[in-house]
Amino acid sequence: MKMTNETSYRVAGVCGLLSIILFSIEIPLYAARGLMPSNDPASLIGYATRNAANMLIVVLLDTMICGLLLFFLAGFRRLIRDGQPSSMWLATQVFGAGVVYTAFTLYADLLQGVIAFNALSGDPDPSLIRAFLSSRYPVFGAMTLIFSAVLLSAASYVAHASRAFPAITTWIGYCGAVLCLVLVPFAIAGGPNPTTLLDTVHLDAISKIAIVPVSFWMIAIAIAMFRTESRQPEAH
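Residues numbered from 1 in each chain as written. Predicted model: local features only at pLDDT ≥ 70, side-chain atom pairs only at ≥ 80, totals over all residues. Heavy atoms only, no water.

Colleague: How should I be thinking about the packing of aromatic side chains in this particular structure?
Modeller: The description of an aromatic ring pair rests on the distance of the ring centres and on the angle between the ring planes. Scanning the entire structure with this criterion turns up five aromatic pairs. Ring centres 5.9 Å apart and planes at 85° place the aromatic pair Phe72 and Trp217 in the edge-to-face group. With Phe72 in helix 3 (residues 52-83) and Trp217 in helix 8 (residues 205-226), the pair connects residues that are 145 residues apart, well separated along the chain. Neither Phe72 nor Trp217 differs from the other in exposure class; each is buried. Between Phe104 and Phe147, the ring centres sit 5.2 Å apart and the planes meet at 80°, which makes this aromatic pair edge-to-face. Of this pair, Phe104 sits in helix 4 (residues 88-119) while Phe147 sits in helix 6 (residues 139-162), placing them 43 residues apart in sequence. Pairwise contacts between aromatic rings join Phe72, Phe76, Phe165 and Trp217 into one cluster. (Phe/Tyr/Trp six-rings, centres within 6.5 Å; stacked < 30°, edge-to-face > 60°. Helix = DSSP H or I, 4+ residues; strand = E, 2+ residues; numbered from the N terminus. Buried < 20%, exposed > 50% of the residue type's maximum accessible area, 1.4 Å probe, protein only.)

Below, the structure written as structure tokens:
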């Protein structure tokens, strides 16, 4: 059965909203982990053992979120292509930024999964736990913020240029991109300090802050997708 343009737009919108719902489920899971451990081996092992199941659940949720995000961005790209083919290259850049964004997330989840399985092995290695927790700092810090800004700014520009979405979605995207860039210095300066509000691992604060503007933009775009009818390419 052939999928119509309207159906593909709506499927993409549903995927976007589902990803936001799954993300909202993750927030209390991160909060339940408590404070980050010190460098003491017993503290590291206790933290990893206590949160192993929590980490594996988050890995599963993140995997589904990443898949839904790619479906959503593919629908965004198709809508731009159908309405204004000349903006296709920009829509492809948006999709590419989304691919990199999901790659960062899955990389961090790989480290998180290794920590959990190591903790459940019966002979946890505190050196491994410390190394893998530290390896997540750059992913959930400046890198996430920068690529969030790239995704939002490129998507907002192409949405404005193609006139495929309401103007409000453009401004939400631009404001979100600015917020992400403003937070970059905090992510770089914060470092792995469990006592700071913007610690890059404790509750994965920076990552979750970066997701907030992306989430608002996705909700606005998803609603617009539900209201979008099939578009014919503009004549030039």
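That shown, we press on.
Colleague: For this particular structure, what's the right way to read the side chain of Ser19?
Modeller: With respect to the helices and strands, the residue Ser19 is situated in helix 1 (residues 5-31). According to the relative accessible area criterion, Ser19 is buried, its value standing at 3%. Ignoring sequence-local partners within four residues, the contact set of Ser19 consists of Ile65, Leu68 and Met218. (Contact = heavy atoms within 4.5 Å.)

Colleague: What's the story with unusual backbone geometry in this structure? I'm lost.
Modeller: Among all residues except glycine, the phi angle is most often negative; among peptide bonds, the trans geometry is most common. Of note, the phi angle at Arg163 is positive, near 55°, even though the residue is not glycine. Mapped onto the elements, Arg163 comes out in the loop between helix 6 and helix 7 (167-190). Looking at Arg163, the relative accessible area reads 57%, which means it is exposed.

Colleague: Honestly, the pattern of salt bridges in this entry has me stumped. Any pointers?
Modeller: It is possible for side chains bearing opposite charge to pair when their charged atoms get close. Per the counting criterion, the structure on display carries two salt bridges. For Arg78, the salt bridge is made with Asp82, and the minimal N-O distance between the two is 3.7 Å. Taken together, the residues span about one helical turn, with Arg78 and Asp82 both in helix 3 at a distance of four residues. Residue class for Asp82 comes out buried when judged on its relative accessible area of 8%. The salt bridge partner of Arg81 is Asp82, with a shortest N-O separation of 3.0 Å. (Salt bridge = Lys/Arg side-chain N within 4 Å of Asp/Glu carboxyl O.)

Colleague: What exactly am I supposed to notice about the environment of Val212 here?
Modeller: As for its placement among the helices and strands, Val212 is situated in helix 8. You can call Val212 partly exposed: its relative accessible area is 35%. Along the backbone, Val212 and Cys180 are 32 residues apart, and their C-alpha atoms lie at a distance of 9.5 Å.

Colleague: Looking at this structure, I do not really get the packing of helix 4 against helix 5 (residues 126-135). What am I missing?
Modeller: Angle between the axes and distance between the axes: these two values describe a pair of packed helices. The interhelical angle for the contact between helix 4 and helix 5, taken along N-to-C directions, is 160°, at an axis separation of 9 Å. One element, helix 4, and the other, helix 5, form an angle in the roughly antiparallel class. For the pair helix 4 and helix 5, the crossing hand works out as left-handed. For the pair helix 4 and helix 5, the contacting residues are Tyr107, Leu111, Val114, Ile115 and Asn118 in the first and Leu128, Ile129, Phe132, Leu133 and Ser135 in the second. Its residues assigned to classes, the contact of helix 4 with helix 5 shows eight nonpolar, two polar and no charged. (Axes fitted to C-alpha atoms, helices over the stretch in contact; angles between N-to-C directions. Parallel < 35°, antiparallel > 145°, perpendicular 65-115°, else oblique. Left-handed = near helix turned anticlockwise from the far one by under 90°. Nonpolar A, V, L, I, M, F, W, Y, C, P; charged D, E, K, R; others polar.)

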